[in-house]
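Structural characterization, general
Now for the letters of each chain:
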Amino acid sequence: MTPFSYCRPASVSEAVNMADESTRFIAGGTNLVDLMKENVVNPQRLIDITALDLHGIEPTANGGVLIGALVSNADLAWNAVIEQHYPLLSQAILAGASPQLRNMASTGGNLLQRTRCYYFYDTGTPCNKREPGSGCPARSGLNRIHAILGASDTCVATHPSDMCVALAALDAVVHVQGRAGTRLIPFADFHRLPGNTPERDNQLSADELITAIELPPAEFAQHSHYLKIRDRASYAFALVSVAAALKFDGDVIQEARVALGGVAHKPWRDTAVEKTLQGQRASHALFARAAQAWLQMAKPLSHNAFKVELAKRAIVRALSEAAGDASIQRTTP
Ligand SMILES: Cc1cc2nc3c(=O)[nH]c(=O)nc-3n(C[C@H](O)[C@H](O)[C@H](O)COP(=O)(O)OP(=O)(O)OC[C@H]3O[C@@H](n4cnc5c(N)ncnc54)[C@H](O)[C@@H]3O)c2cc1C
Ligand code: SF4
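The notes below deal with the structure included here.

Cut-offs applied
- Residues numbered from 1 in each chain as written.
- Chains lettered and ligands numbered in written order.
- Predicted model: local features only at pLDDT ≥ 70, side-chain atom pairs only at ≥ 80, totals over all residues.
- Heavy atoms only, no water.
- Near = heavy atom within 4 Å.
- Nonpolar A, V, L, I, M, F, W, Y, C, P; charged D, E, K, R; others polar.
- Phe/Tyr/Trp six-rings, centres within 6.5 Å; stacked < 30°, edge-to-face > 60°.
- Buried < 20%, exposed > 50% of the residue type's maximum accessible area, 1.4 Å probe, protein only.
- Helix = DSSP H or I, 4+ residues; strand = E, 2+ residues; numbered from the N terminus.
- Pairing = 2+ DSSP bridges.

Once that is clear, we can look at the site of ligand 2. In the vicinity of ligand 2, 14 residues are found, and the nearest of them are Cys 117, Cys 127, Cys 136, Cys 155 and Val 156. Here the residues of the shell around ligand 2 are counted per class, giving 10 nonpolar, three polar and one charged.

See below:
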């Protein structure tokens, strides 16, 4: 047992003033407590943020929604506004974890959950993310669940969240407060690729607290779908997941969004490929061509080449479901 102290600030400014490299904020604790038990992280002080006033789900002036960082994953998924106007987000959350975990897990904590790479949790092995410079055994070891896109020589881990894949597709914005003030981070920029600093998962500094997630006005409620492919039907992380959202003008695609989960160090978007769907009629052939393009940069490892074909098929299926399967041209690619 590594000793640590505990405090429970009453305001956001009090919380960020207490935070530094030696501390950790704790919300639901569903990831952090496991990491502490396994000695993967050893904070000297836990800053319990659950008393902060960050539990609301409010409309914004421009027609979007502001979700407090402490809203539980369950409350968010079952919120009437989210269910009706952002069903992609509800579906993604409900595809994750278990009811008990979703009751505890917070919106902010979900963004900051750590990778599920086996070596990261096993302190008996090297791991560049846990101990920079020590090596990456996953590259040549067990890498079935690892990245096929955007990885580096130093780390091939994936981001495990389902919720984040939907938030990426919806172009959410992360509201952050630190000692230097507040800032807004577009979701696409929030998480990082590993590069040479895999120990850093995201853009936050140690004193910065996520206060809220902002959703832009809903545009994709009629045509969106979250598809998660996993080893078991529940209580398992995604091997591959797809958040697909389409906007139609008549029967022509006006806008397309696709975010992939389980394939990279962050939810994976490729806006250039998304644009190729604009102005086209939905068809299996169109979606299959786009899926090919989404995966053309894939670099599979020794045990996860199956993810490339799996991701392509999942993209076609998710986009077809989003379009409304009956309405799309069933042309064989
Ligand atoms: C068995 C199991 C199965 C799971 N399956 C899935 C799954 O299928 N899909 C999925 O997406 N997730 C899954 N999860 C992960 C779960 O969703 C996360 O553990 C949860 O969302 C983390 O939220 P939390 O509030 O408990 O975070 P905590 O554990 O409290 O914190 C996690 C991290 O976030 C930081 N943090 C928390 N809140 C803030 C904030 N507001 N600002 C700054 N830093 C903050 C903490 O310091 C810590 O580093 C699973 C977890 C378990 C244990
Ligand atoms: S993939 Fe990343 S998290 Fe996993 S062992 Fe390599 S460096 Fe560590």
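Okay, back to it.
We now examine the packing of aromatic side chains. A complete count under the given rule lists three aromatic pairs for this structure. On the basis of an interplanar angle of 70 degrees and a centroid distance of 6.3 Å, the ring pair of Tyr 118 and Tyr 119 is categorised as edge-to-face. Residue Tyr 118 is classed as partly exposed on the basis of its relative accessible area of 36%. Consider the rings of Phe 120 and Tyr 121, whose centres lie 5.5 Å apart with planes at 85 degrees: the pair is edge-to-face. Using a relative accessible area of 2% as the deciding quantity, one classes Phe 120 as buried.

With seven of its seven residues buried, strand S8 (residues 209-215) lies for the most part within the structure. Of the pairings in the sheet, the one linking strand S6 (residues 173-178) to S8 comprises five bridges and is antiparallel in character. Counterpart to Gln 177 in the pairing with S8 is Leu 209.

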